[in-house]
Amino acid sequence: MQATAAILRDPKGPFVIEPIEIGDLRRDEIVVRVVASGICHTDIKFRDTVPKPVVLGHEGAGIVEKIGADVTRLAVGDPVVLTFGFCGKCPSCESGAPAHCADHHALQFKGARLDGTTALSQNGAPLHGAFFQQSSFATHAVATERNAIRVAPDAPLDMLGPLGCGIQTGAGAILNSLNVAHGSKVAFFGAGAVGLSAVMAAAAAGAAQIVAVDVVPSRLELAQELGAHHVLDARDGDVADRVRDTTGGGVHYALETAAVESSFAAAIASLTQRGVCGFVASPVGRGTTPIVPFDMLINGKTLCGVVQGASVPHVFIPRLVDMIAAGRFPLERLVSWYDFADINQAVADAESGAAIKPILRMN
Ligand SMILES: [Zn+2]
Ligand SMILES: [Zn+2]
């Protein structure tokens, strides 16, 4: 079948919207007519390393248009949110941790199915796809039955794609990984889409003190509107000292989303005794991070890596959709919409920080 996709040929180059072909489906695959797709920093970060030419995009939402022979969970016409790829049969998948699938890296970043093939082509030449097993910067995406999550028929599909990655990462860090308790104290380092989703989730979970740290005043204002009780500009002096002062001795939970070494160190130092620090990305450059073993030991602190918010997507994404419908998770406050044709502007705005969560509308 024919589709239209944003193709990336050069890591520095623009996305170019062109016709492509979608080949035959595997038995467990589906085609989704994409209504909208979020842009995540991972799309931008991996432009250098994914094989090209490639179709990126991994926060798609749309309508199932075609199903493979073995698909039973979904039917044509179902509204779905696409999420990360997972195999469904390794020990992590079998024990309810699909974000730590043994094939996680290959399924998201190889630009192909696990067997190396691709469903996409252009004028007979193969085109890399299967980015997060979806490649949603297109009018139509090939996904698997596993990573397409059916949602309510009246769910706002043009807003929900980011639930499949960035938003579930932040919300899931709070509700799944850290399991933030009612009445607890939480600090957030970085107020982008992931950090602000986490602020909203902490507010919904009934955290008693929420502290947000960033360097952009408008983001701190938004954090306050979304439920942060205190906001701190990281440029105004020792962050950990100020978090401890503000909260009367430190926080039970910290979440690091800025991927900056100083922020990482401050997040751990902000914890009270037996506190837990989650982090969603490795500090830029993968350099050495100043962890102080003695502080971790004597204060019984825990460091917890968070991938995709430890989400079991078939359970967690519908739960977030319900929270949005009930007004308890105001995702619309983070979103800016763009026409698909304006993808390069949307990417530029994501990079500059002008947009917190850009979403492309495909029609
Ligand atoms: Zn697996
Ligand atoms: Zn992502």
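For every chain, the first residue of the written sequence is number 1, and numbering continues from 1 along that sequence. All chains are assigned letters beginning at A, and all ligands numbers beginning at 1, according to the order in which they are written. In keeping with the predicted nature of the model, local features appear solely for residues at pLDDT of at least 70, side-chain atom pairs appear and are counted solely at 80 or more, and the whole-chain, interface and lining totals rest on all residues.

1. What about the overall build of the chain?
So, step 1. Within the chain one finds 12 helices and 18 strands.
So, step 2. Radius of gyration here is computed from C-alpha atoms only, and the compact-globule reference equals 2.2 Å multiplied by the residue count raised to the power 0.38. Taken against the 2.2 N^0.38 rule, which gives 21 Å for 363 residues, the C-alpha radius of gyration of the chain at 20 Å falls within 12% of a compact globule.
So, step 3. With the C-alpha coordinates of the chain rotated into their principal frame, the extents come out at 60 × 40 × 35 Å.
So, step 4. Exposed residues have 12 or fewer other C-beta atoms within 10 Å of their own C-beta, buried residues have 20 or more, and residues in between are partly exposed; the C-beta atoms are placed from the backbone. By the burial criterion, 51% of the 363 residues in the chain qualify as buried.
So, step 5. Contact definition: two residues whose C-beta atoms, as placed from backbone geometry, lie within 7 Å. Intrachain contacts of the chain at a sequence separation of at least 6 include 68% that bridge at least 24 residues. Strands here are runs of E lasting at least two residues and helices are runs of H or I lasting at least four, both read from the DSSP assignment and numbered beginning at the N terminus.

2. Re the sheet that holds strand S13 (residues 230–233)
So, step 1. Should DSSP find at least two bridges between two strands, the strands are taken to pair. Taken in spatial order, the six strands make up an open sheet running S13-S12-S11-S14-S15-S16, and their pairing is parallel. Of all the strands in the sheet, just S13 and strand S16 (302–305) have a single pairing partner and so form its edges. On average, each strand axis in the sheet is inclined to that of its neighbour by 20°, with strand direction left out of account.
So, step 2. As judged from the four bridges shared by strand S12 (residues 209–214) and S13, these two strands associate in the parallel manner. Geometry is summarised by axes, namely lines fitted to C-alpha atoms with helices restricted to the contacting stretch, and by angles between N-to-C directions that run from 0 to 180 degrees.

3. Notes on helix H9 (residues 261–269)
So, step 1. Among the residues making up H9, those that are buried are Ser263, Phe264, Ala266, Ala267, Ile268 and Ala269.
So, step 2. Residues of H9 that are buried sit in contact with strand S11 (185–189), helix H8 (239–247), strand S14 (251–256), strand S15 (271–279) and S16.

4. Points about the sheet that holds strand S1 (residues 2–8)
So, step 1. The five strands are arranged S4-S1-S2-S7-S8 in an open sheet whose pairing can be described as antiparallel. Each of the sheet's edge strands pairs with one partner strand only, and the pair in question is strand S4 (54–55) and strand S8 (125–127).

5. Observations regarding the nonpolar core
One broad rule of soluble globular proteins: the nonpolar side chains tend to lie buried together.
So, step 1. Here, a nonpolar core means buried Ala, Val, Leu, Ile, Met, Phe, Trp, Tyr and Cys residues linked by C-beta atoms lying within 7 Å of one another. The biggest cluster of nonpolar side chains holds 123 residues, and the ones touching the most others in it are Val55, Phe188 and Val199.
So, step 2. For this core, the element with the highest residue contribution is helix H6 (residues 193–204), accounting for eight residues.
So, step 3. Domain boundaries shown here were taken from an automatic or database domain assignment. Counting contributing residues per domain, this core is built from domain 1 (2–164 + 330–361) and domain 2 (170–306), each supplying no fewer than three.

6. Focus: the domain arrangement of the chain
So, step 1. Partitioning the chain into structural domains gives domain 1 (2–164 + 330–361) and domain 2 (170–306).
So, step 2. Facing seven residues of domain 1, the contacting portion of domain 2 comprises seven residues.
So, step 3. Class assignment for the residues of the side of domain 1 that touches domain 2 results in four nonpolar, one polar and two charged. Residues are grouped as follows: nonpolar covers Ala, Val, Leu, Ile, Met, Phe, Trp, Tyr, Cys and Pro; charged covers Asp, Glu, Lys and Arg; every other residue, Gly included, is treated as polar.

7. Points about the packing of helix H5 (residues 166–177) against helix H11 (residues 313–325)
So, step 1. Across the interface, H5 lies against H11 with an axial gap of 11 Å and an inter-helix angle of 100°. One finds that H5 runs roughly perpendicular with respect to H11. For the pair H5 and H11, contact is made by Ile167, Gln168, Ala171, Gly172 and Asn176 and by Phe316, Ile317 and Leu320, respectively.
So, step 2. Among the residues making up the contact of H5 with H11, the classes are represented as five nonpolar, three polar and no charged. Each angle is binned into one of four classes, with values under 35 degrees roughly parallel, values over 145 roughly antiparallel, values of 65 to 115 roughly perpendicular, and all other values oblique.

8. Details of the packing of H5 against H6
So, step 1. As a packed pair, H5 and H6 sit with axes 7 Å apart at the nearest point and diverge in direction by 40°. With respect to H6, the axis of H5 lies oblique. The crossing of H5 and H6 is right-handed. Of the residues in H6, those touching H5 at Gly166, Ile167, Thr169, Gly170, Ala171, Ala173, Ile174 and Leu175 are Ala193, Val194, Gly195, Ser197, Ala198, Ala201 and Ala202.
So, step 2. Here the contact of H5 with H6 is built from residues that sort into 10 nonpolar, five polar and no charged. With the far helix as reference, a near helix turned anticlockwise by less than a right angle produces a left-handed crossing, and one turned clockwise produces a right-handed crossing.

9. Comments concerning H8
So, step 1. Where H8 is concerned, the buried positions are Val239, Val243 and Thr247. Across the axial projection of H8, the buried residues extend over an arc of 50°, all falling on one side.
So, step 2. Where the residues of H8 are buried, they touch S11, S12, S13, S14 and H9.
So, step 3. One or two steps after H8, the chain reaches Gly248, where phi turns positive at roughly 70°. Regarding the arc, it is the one traced by the directions from the helix axis to the C-beta atoms.

10. Here we look at the pairing of strand S6 (residues 79–82)
So, step 1. Here S6 shows a buried face lined by Pro79 and Val81 and a second buried face lined by Val80 and Leu82.
So, step 2. Here strand S5 (residues 60–67) runs beside S6; their pairing, made up of three bridges, is antiparallel. Bridge assignment links Ile63 to a residue of S6, and that residue is Pro79.
So, step 3. Sheet analysis places S6 next to strand S10 (residues 148–150), joined by three bridges and oriented antiparallel. From the neighbouring strand, Val80 faces S10, where its bridge partner is Arg150.

11. A closer look at unusual backbone geometry
Phi is mostly negative for residues that are not glycine, and the peptide bonds are mostly trans.
So, step 1. Each neighbour pair has its own omega, and for Lys52 with Pro53 the value is 0°, a cis peptide bond.
So, step 2. Relative to the helices and strands, Pro53 is located in the loop between helix H1 (41–45) and S4.
So, step 3. A positive phi angle, near 50°, is found at Gln308, a position not held by glycine.
So, step 4. Along the chain, Gln308 falls in the loop between S16 and H11.
So, step 5. Phi at Ala310 takes a positive value of approximately 50°, unusual for a residue other than glycine.
So, step 6. Checked against the element boundaries, Ala310 lands in the loop between S16 and H11.
So, step 7. Exposure remark for Ala310: the 24 C-beta atoms within 10 Å place this residue in the buried category.

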